[in-house]
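The chain contents come next:
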Amino acid sequence: MSVLTATPRIGDTRPGTTAPDDVVQMGGGYAFPDLLPDVSQIARNVASDFRTEALQYGPLFGLPDLRDAIVESVRADGVACGRDNILVLNGAKQALDLLLRVMVRPGDPVIVSHPTYLTALSIIRSHGAELIEVDLDHDGMKVDTLAQMLAARRSRGDSMPKLLFEVPDFHNPTGVTLSAARRQRLVELAEEFGFFILEDDPYRKLRFAGTGVPPIKSFDRSGRVIGAGTVSKIFAPGIRVGWANGDPDIIGRMAAAKSEGGCCPFTQRIVLEAMRTGLIDHHITELSEVMAAHLRAMCASIDRHLPDARYNVPNGGYFLWLELPADVSAAQVTLAASASGAAIFSGDLFFGTVPAQGFVRLCFATSTPERIDLGIRRIAEAIHRLRESPEKFVPGEATPLQRHTD
Ligand SMILES: Cc1ncc(COP(=O)(O)O)c(C=O)c1O
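Nothing here was measured: the structure is a model prediction, and the numbers come from that model.

**Observations regarding the overall build of the chain**
Assigned secondary structure in the chain consists of 13 helices and 13 strands. In terms of overall size, the chain behaves like a compact globule, its C-alpha atoms giving a radius of gyration of 21 Å where 406 residues would be expected to give roughly 22 Å. Each principal axis of the C-alpha atoms in the chain carries an extent, and together these give about 60 × 60 × 50 Å. Across the 406 residues in the chain, those meeting the buried criterion constitute 48%. A separation threshold of at least 6 residues defines the contact pool for the chain, and within that pool the share at least 24 residues apart is 76%.

Structure (structure tokens):
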């Protein structure tokens, strides 16, 4: 198909849009619509008090006041940082895209966990990079395995990776958190083998249990780690404000590679005012409580209706990684669940090269506890129907929407 051929739409399944159906949304990582913040007053004030700033082209690195506010919040998390380290972005995904643009040439290896965030996979693939995938366990990416892989590559004379992409807190899709010891070891490996680390941490502040682990960047003494932050998961994804925190030289190269020439000042000022007035912190507290309740509802419903499925309860974030009973395939369950009115993602989408079978990712953020319970019951029904007539559920290719969603 020509790249200019229009892709047929398969129906917009975003929550809160015009989807005509009763589908329970547990697929994409969309915000809980009932808890999107009310920014009407702030937006009105910005439109009047900051009219010329808000409607003019913005500065390339972002509004200086916002960069300073980000510095404060990064420092509060134990990471040394100044304004020159901060580049305001159009969301965290832009950090990955820009870093690949400035560091990676087609064919260069990029390290990811196995599985990893599916949109990161498509961004990395779009730059023609080769994927090096490293398994993970309950403590996140297995860094000893990575060390062995890197040593073997070096001794074979293979090309060495330029970049490692990692989601250390409440990993997407598995929900696991990288241990402190592994974070430190990862930085040592980056120094030893000469690669950079993109620490993509959108869920860090959405913790419901357990104690916090220092950011990977807090172990960095040589500028090898670039942190990516965003308000997408803690405030509103539609606002499209994120940032990168890194060595000024890398930050400068990323800024030079930006094609929009500076993010939208209107939304930057809204985010800044929301930070200054405490609206974001207040929102995070409320959101964490609500998300924890959604997760509890999901676990209780799975225990009741899918007793032969297995999972670990994540300590935060948006996602639960469910291991299905061995006699059904994840792709078929996803299809059957969709036919029954539950949108979920098949786990194989999250693996770069060799998909592991038998997992689905469930997002507990978007739907209410009651709807989550309905969705889990629909999955259970779907598995029942699949076992009776497997020939009815033959998965095709992933749809464009499935390939490009959070
Ligand atoms: C790992 C990860 N990174 C980043 C994002 C969000 O990126 P952005 O700030 O571009 O909305 C998501 C959202 O699903 C995510 O799961």
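So that's the structure; there's more coming.
**Focus on the sheet that holds strand β3 (residues 109–114)**
Taken together, the 8 strands give an open sheet; going across it, the order is β2-β9-β8-β7-β6-β3-β4-β5, and neighbouring strands pair in mixed fashion. The open sheet has two free edges, formed respectively by β2 (86–89) and β5 (140–141), since each of these has just one partner strand. Sheet topology places strand β6 (residues 163–166) next to strand β7 (residues 196–200); 4 bridges connect them, and they run parallel. What sits directly across from Glu 166, in β7, is Glu 199. Packing of helix α6 (residues 143–156) onto the sheet brings it into contact with β3, β4 (130–137) and β5, and relative to β4 it is tilted by some 145°. Relative to β7, helix α7 (residues 180–193) is tilted by about 150°, and along the sheet it contacts β5, β6, β7 and β8 (225–230).

**Some details on the confidence of the model for the chain**
Taken as a whole, the chain shows an average pLDDT of 93; of its residues, 92% reach a score of 70 or greater. In this model, residues 1–14 is a region of pLDDT below 50 whose contacts with residues beyond four sequence positions or in other chains number 12 contacts. Below pLDDT 50 for its whole length, residues 16–20 participates in 6 contacts with residues either more than four positions away or in separate chains.

**A short note on helix α8 (residues 248–256)**
Looking only at α8, the buried set comprises Ile 250, Ile 251, Met 254 and Ala 255. Summarising the axial view, the buried residues of α8 lie within an arc of 140°, below the 170-degree limit, and thus occupy one face. Structural note: α8 exposes Asp 249 and Ala 256 on the side pointing more than 90 degrees away from its buried face. Where α8 is buried, its residues meet β2, α4 (92–103), β8 and β9 (242–245).

**Side note on the sheet that holds strand β13 (residues 359–363)**
Working definition: the strands of a sheet are paired by backbone hydrogen bonds and lie parallel or antiparallel to each other. If you walk across this open sheet you meet the 3 strands as β10-β13-β12, and the pairing is antiparallel. A strand with exactly one partner marks an edge of an open sheet, and here the two such strands are β10 (319–323) and β12 (345–346). Summarising the sheet, β12 and β13 pair through 2 bridges and their orientation is antiparallel. Among the inter-strand pairings, Phe 345 is bridged to a residue of β13, identified as Arg 361.

**Some details on the domain arrangement of the chain**
One widely used convention gives an interface's size as the accessible area the parts lose upon coming together. Segmenting the chain into domains produces domain 1 (24–29 + 281–403) and domain 2 (40–277). Centre-to-centre separation of domain 1 and domain 2, based on C-alpha positions: 27 Å. Of the residues lining the interface, 25 residues belong to domain 1; the matching set on domain 2 comes to 27 residues. Looking at the side of domain 1 that touches domain 2, the elements that each hand over two or more residues are α10 (279–305) and β10. Among the elements that make up the side of domain 1 that touches domain 2, the one with the highest residue count is α10 (7 residues). Classifying every residue of the side of domain 1 that touches domain 2 gives 13 nonpolar, 10 polar and 2 charged.

Cut-offs used in this document
- Residues numbered from 1 in each chain as written.
- Predicted model: local features only at pLDDT ≥ 70, side-chain atom pairs only at ≥ 80, totals over all residues.
- Helix = DSSP H or I, 4+ residues; strand = E, 2+ residues; numbered from the N terminus.
- Rg over C-alpha atoms; globule rule 2.2 N^0.38 Å.
- Buried ≥ 20, exposed ≤ 12 C-beta atoms within 10 Å, placed from the backbone.
- Contact = placed C-beta atoms within 7 Å.
- Pairing = 2+ DSSP bridges.
- Axes fitted to C-alpha atoms, helices over the stretch in contact; angles between N-to-C directions.
- pLDDT = per-residue confidence, 0-100.
- Arc of directions from axis to C-beta.
- Domains from an automatic or database assignment.
- Nonpolar A, V, L, I, M, F, W, Y, C, P; charged D, E, K, R; others polar.

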